[in-house]
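Reading the structure
Here's the letter readout for the chains.
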Amino acid sequence: MLDIRFIRETPDAIKTRLALRSAEFASMIDEVLSVDAERRANETRWQHLQSERKRLSKEIGMRRAKREDSTALEDASKALGSEMESLQQASAAAECRQRELLLSIPNLPHENIPAGRDASCNPVLRTWGTPAAPIAEDHVAIGTRLGLFDPERAAKISGSGFMCYTGQGARLERALLNFLLDLHTREHGYTEMAPPLLVNRATMTGTGQLPKFEADAFGVTDADLFLIPTAEVPVTNFHREEILAADTLPRRYAAYTPCFRREAGATGRDTRGLIRMHQFNKVELVKITLPEHSAVELESLTADAERVLQRLELPYRVIELCAGDLGFSALRTYDIEVWAPGHGGWLEVSSCSNFGDYQARRMALRYKGADGKNQFCHTLNGSGTALARLYVALLENGLQPDGSVHLPPALHAYFGVEKITAA
């Protein structure tokens, strides 16, 4: 979340930056400042009354020692105590409201990112490979014909937005998972983690999913737990409320998990098959770093995700999100989109973001600087990558004239054969 001191000192600059996202967020700054002023005034008044009450207590003691009447002073002290109690309650309420507001305000867009209100304003930074011409079959037709998955029985079991992989299809997903984890841990230097899939409210709040996006999460209400929407949530919170040694940074983690999201998109072609689901598998990359290194680490993180598509020989492009399309907690984001000729368009398979100290403030994640002072870390994360959409691209780009699917050499050792044919 944003630093309240920074808001007090530069409210107009913050409003201007937030207005690049939406005017509603800029208007919240005035309410934050109003509540903050109320809270601070209450605390100042309370401190003044406390000093006055101490003075009265001392005078009462002196009068009692002289056996003089102290009734009036005692009544005045009780009145001060009542007012102090009311001020404490008001201060606590104001502090609670202030935190609620701060948790509901998104991160400031980086000063160098493109302006714009939506995805149409996102510039393409670079492309790799040559997109194939559109094909008649999409991944749903290919996968169903080859017996790789069964959407109808998945819907029978769980409803729409779910998939059941079968036979060679299940093996292909396992092959992809192992390939991704090996690449990121053996070549890119990430430490593998296997985190819990259920997390508590504090964990979801730490990375910015709560309170704003609670309606999009699958919750276990009787235990106040949530199924994770991405491994970013438990992995970034792994060091919550810790103070890390500066010389141990950056920390780089890779984790495979299923991901659960209630919002699976509006009705339309993007909800067919594997493109947008309530449950999907993903390998997530998380970095915790020093503030002065986070910009460079974002470029490195994006390159790590790009290398996945290069090894799999899949055409892709990298775009930078404009301020109006930026995720809630992000400072700056690069999206990597793979070409899917059966879908007839680009599919996001990775979103690589630098959050600055926004998440670290929410979860009290700090490091001890050279001056001995505790400072907030910077956090980053990116998909390395989302398996379902990678699966789509592999089927559609690898489709052969005879109906089989050719797999890139990088997967041969993991899958066992060079192409997928009908069983």
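From a predicted model like this one, the values you see are computed outputs, not experimental measurements. (Residues numbered from 1 in each chain as written. Predicted model: local features only at pLDDT ≥ 70, side-chain atom pairs only at ≥ 80, totals over all residues. Heavy atoms only, no water.)

Quick word on the pattern of salt bridges
Which entries qualify depends on this criterion: Salt bridges, as used here, are contacts in which a Lys or Arg side-chain nitrogen is within 4 Å of a carboxyl oxygen on Asp or Glu. The secondary structure listing takes helices from DSSP runs of H or I that are at least 4 residues long and strands from runs of E that are at least 2 residues long, numbered from the N terminus. Accessibility here uses a 1.4 Å probe with only protein chains present; expressed as a share of the type maximum, an area under 20% marks a residue as buried, one over 50% as exposed, and anything in between as partly exposed.
Within this structure, the stated rule accounts for 30 salt bridges. Between Arg153 and Asp150 there is a salt bridge whose closest N-O contact spans 2.7 Å. In this structure, the salt-bridge partner of Glu214 is Arg201, at a minimum N-O distance of 3.1 Å. You can see Glu214 sitting in the loop between helix H8 (201-206) and strand S4 (219-220) and its partner Arg201 sitting in helix H8, a full 13 residues away along the chain. A relative accessible area of 31% places Glu214 in the partly exposed class.

What about the sheet that holds S4?
Stated formally: In this description, strands pair whenever DSSP reports at least two bridges between them.
Taken together, the three strands give an open sheet; going across it, the order is S3-S5-S4, and neighbouring strands pair in antiparallel fashion. Only two strands of the sheet have a single neighbouring strand rather than two, namely strand S3 (198-200) and S4.

Concerning the pairing of strand S9 (residues 316-320)
With four of five residues buried, S9 lies mostly within the body of the structure. Here strand S1 (residues 124-128) pairs with S9 via four bridges, running antiparallel. Bridge pairing links Val124 to Ile319 in S9. In the sheet, S9 pairs with strand S10 (residues 332-340) via five bridges, with the strands oriented antiparallel. Bridging from a neighbouring strand, Ile319 pairs with Asp335 of S10.

Considering helix H2 (residues 11-19)
Quick note on the threshold: What the arc measures is the spread of directions leading from the helix axis to the C-beta atoms. Residue contacts follow a heavy-atom distance rule, with two residues in contact if any of their heavy atoms lie within 4.5 Å.
Of all the residues in H2, the buried ones are Pro11, Ile14 and Leu18. Projected down its long axis, H2 carries its buried residues within an arc of 65 degrees, all on one side. Exposed residues lying more than 90 degrees from the buried face of H2 are Asp12 and Thr16. Summarising the contacts, the buried residues of H2 are in contact with helix H1 (4-9) and helix H3 (23-65).

Here's the deal with the packing of aromatic side chains
In plain terms, the rule: Side-chain rings of Phe, Tyr and Trp (the six-membered ring for Trp) are treated as a pair once their centres are within 6.5 Å; stacked means planes under 30 degrees apart, edge-to-face means over 60, and tilted covers the remaining angles.
With the rule as written, the count across this model stands at nine aromatic pairs. Between Tyr165 and Tyr391, the aromatic rings sit 5.2 Å apart at their centres with planes inclined by 50 degrees, giving tilted as the arrangement. Of this pair, Tyr165 sits in the loop between helix H6 (151-158) and helix H7 (168-187) while Tyr391 is found in helix H12 (residues 387-398), placing the two residues 226 residues apart along the sequence. On the basis of relative accessible area, Tyr165 is assigned to the buried category, the value being 16%. Looking at Tyr391, the relative accessible area reads 0%, which means it is buried.

Let's talk about the sheet that holds strand S6 (residues 243-245)
Stated precisely, the cut-off is as follows: Here an axis means a line fitted to C-alpha atoms, over the contact stretch when the element is a helix, while the angle between two N-to-C directions is reported on a 0 to 180 degree scale.
If you walk across this open sheet you meet the three strands as S6-S12-S13, and the pairing is mixed. If you trace the sheet from one side to the other, it starts and ends with S6 and strand S13 (374-376), each paired once. Averaged over all adjacent pairs, the angle separating strand axes in this sheet is 40 degrees, with direction ignored. For strand S12 (residues 366-368) and S13, the ladder comprises three bridges, and the chain directions are antiparallel. The residue of S13 that forms the bridge with Arg366 is Phe376.

A word on the nonpolar core
Note the following rule: Take the buried residues of types Ala, Val, Leu, Ile, Met, Phe, Trp, Tyr and Cys, join any two whose side-chain atoms come within 4.5 Å, and each joined set is a nonpolar core.
Membership of the largest hydrophobic core comes to 53 residues, with the highest contact counts inside it found for Leu172, Leu176, Leu274, Leu309, Leu312 and Tyr391. With near-sequence residues (within four places) excluded, Leu309 lies in contact with Trp128, Leu314, Tyr316, Ile336, Val338, Val349 and Leu390. Ala26, Val32, Leu102 and Leu108 belong to the second-largest nonpolar core, a separate cluster that totals 20 residues.

Thoughts on unusual backbone geometry
The omega angle of the peptide bond from Leu249 to Pro250 is 5 degrees, so this bond is cis rather than trans. Among the secondary structure elements, Pro250 is positioned in the loop between S6 and strand S7 (251-260). Of the consecutive residues Gly384 and Thr385, the connecting peptide bond is found in the cis state with omega at 20 degrees. Residue placement: Thr385 occurs in strand S14 (residues 378-386). Non-glycine residue Ala364 carries a positive phi angle of around 55 degrees.

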